[in-house]
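# Overview (structure and organization)
Single-letter residue listing:
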Amino acid sequence: MSTTQTRQHSPDERPDRPDGPERSEGSDAAGAFGWLRALGPRGRRAFGGAFGGAFGGYALDSYDFFTLPLSMVAIAASFGLDKGQTGLLTTVTLVVSAVGGALAGVLADRVGRVEALMITVITYALFTVLCGFAPNYETLLVFRALQGLGFGGEWAVGAILVAEYASARHRGRTLGAVQSAWAAGWALAVIVYTLVFQFFDADLAWRILFWTGALPALLVFWVRRHVEDAPQAAAARVASPERGSPGAVFRPGLLRTTLFAILLSTGVQGGYYALATWVPTFLKTERGLTVVGTGGYLTLLISGAFLGYLTGGHLTDRIGRKRNIALFAVLSAAAVLAYTQIPAGANTLLLVLGFPLGFCMSAIFSGFGSFLAELYPTPVRGTGQGLTYNTGRAIGAVFPALVGFLSESWGVGGALVFGAVGYGIAVVALLGLPETRGKELG
């Protein structure tokens, strides 16, 4: 055996460091940023590119999504819509996102994570801008549906890209940090919304807000220069004849996992999107808040969400994927009931409860990126994650529409209680899924 073959590498010198960053559980991995130090210089550069691309893509994905909920009152006034019709705008986005997510997952397995990421970003940016030019409700509905194609695919592709770089020990908190990008994009959307609606009439302001959705297209240039697939995982994917096969995730060994993962995604996202879609309307129409006032209340909600993603990421590594999801499903349901049933006039209490509501309904998502990635083998990881997450999103899209229709008789606050049902569905789904904490990804 040659000297080259027998040489022992130090942790930072290991040649496979960029492929699957850290495999050692030694002292380098200790501390809040130990997982990052343990990657080594080359690993940190590779991970930084992947993390930056996924974080930026997801933040801007969030920004483009929230242009609609924040503009719903103005859009309804412009086109003379009832609450059922406005709720349908979100529902159609989420339903079509299932198709987009499944297609992006297959594409990620066939042509690579980075190429698929760029395609999804361009798609959601283009159709968000076109929404601002819609002359009527029907056209807006079509453009919003097509925006869902890109919106559905970005998270699954970006999460897999980072998951394949991250270590098993720290994958949860790493993906939790990526998930926190959703709160960052949401916050940016609220800031831009507040400014635009302050300086322009509502009929024009909602269109301008959609036009700013062109910003994500700039990210594509950065991704092309700085991001690449994890080489070890890419080699395993390319070598498999089964890669990107939709039918593979329904074969006997994976069928049970796929069905319960869809049910889990349905419950969590049904509860989340019911709230994300209707809370701005609830604050304006039933609490009588101004644009600036609504922005202030949403600030606490979003701050809670950001910390929830980071906290949930650490907890999912400590207590396991399933326990983390179950814990925050129960807490989210309780927070929804408390937030929506606050008596009229108690707006200070409403403000205070916004933080725990945002915290709980976001912390539950922190383990999703790692959990779904760990449920599937490398050749069909994109397909499995894209299909289950976004099929659940499409079925869960029924929740915002139901809240819209029920609000005509129950009021928005009363109808939002229905969102708590989704979190109960999520707890039931966990009974059919294995715990995956500590699983290495090839």
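As a reminder, the structure under discussion sits directly above these lines.
In this report, the structure presented in the accompanying data block is examined. Treat the numbers as computed from the prediction; the structure is a model and nothing was measured.

What counts and how
Residues numbered from 1 in each chain as written. Predicted model: local features only at pLDDT ≥ 70, side-chain atom pairs only at ≥ 80, totals over all residues. Heavy atoms only, no water. Helix = DSSP H or I, 4+ residues; strand = E, 2+ residues; numbered from the N terminus. Buried < 20%, exposed > 50% of the residue type's maximum accessible area, 1.4 Å probe, protein only. Contact = heavy atoms within 4.5 Å. Areas by Shrake-Rupley, 256 points an atom, 1.4 Å probe, with all protein chains shown as cover. Arc of directions from axis to C-beta. Salt bridge = Lys/Arg side-chain N within 4 Å of Asp/Glu carboxyl O. Core = buried A, V, L, I, M, F, W, Y, C linked by side-chain atoms within 4.5 Å.

## Quick notes on the overall build of the chain
- Per the secondary structure count, the chain includes 20 helices and zero strands.
- Of all 442 residues assigned to the chain, the portion counted as buried reaches 60%.
- Partitioning the contacts of the chain with sequence separation of at least 6, the portion at a separation of at least 24 is 84%.
- Surface exposure of the chain reaches about 15,900 Å², of which carbon and sulfur atoms provide 67%.

## Considering helix α10 (residues 217–226)
- Taken residue by residue, α10 has Leu219, Val220 and Val223 as its buried positions. In a view along the axis of α10, the buried residues occupy a sector of 110°, so they form one face of it. Opposite the buried face of α10, by more than 90 degrees, sit the exposed residues Leu218, Phe221, Arg224 and Arg225.

## Comments concerning the pattern of salt bridges
- Applying the stated rule across the entire model yields seven salt bridges.
- A salt bridge links Glu164 to Arg113, with the nearest nitrogen and oxygen atoms 2.6 Å apart. Separated by 51 residues along the polypeptide, Glu164 in the loop between α6 (137–163) and α7 (171–179) and Arg113 in helix α5 (residues 113–131) bring together distant segments of the chain. The exposure classification of Glu164 matches that of Arg113, with both residues buried.
- Here Glu164 ties to Arg381 by a salt bridge, and the two come within 2.9 Å at their closest N and O atoms. Placement of the pair is Glu164 in the loop between α6 and α7 and Arg381 in helix α17 (residues 381–396), with a sequence separation of 217 residues. Here Glu164 and Arg381 have matching classes, each one buried.
- A network of salt bridges, in which partner residues are shared, links Arg171, Arg173, Asp317, Arg321 and Glu374.

## Here we look at the nonpolar core
- Grouped together as the largest cluster of nonpolar side chains are 124 residues, with contacts concentrated most on Phe66, Trp182, Leu264, Tyr272 and Tyr423.
- Tallying contributions element by element places helix α3 (residues 40–79) first for this core, with 15 residues.
- Ignoring sequence-local partners within four residues, the contact set of Trp182 consists of Tyr58, Asp61, Ser62, Phe65, Phe66, Phe151, Tyr272, Tyr273 and Tyr309.

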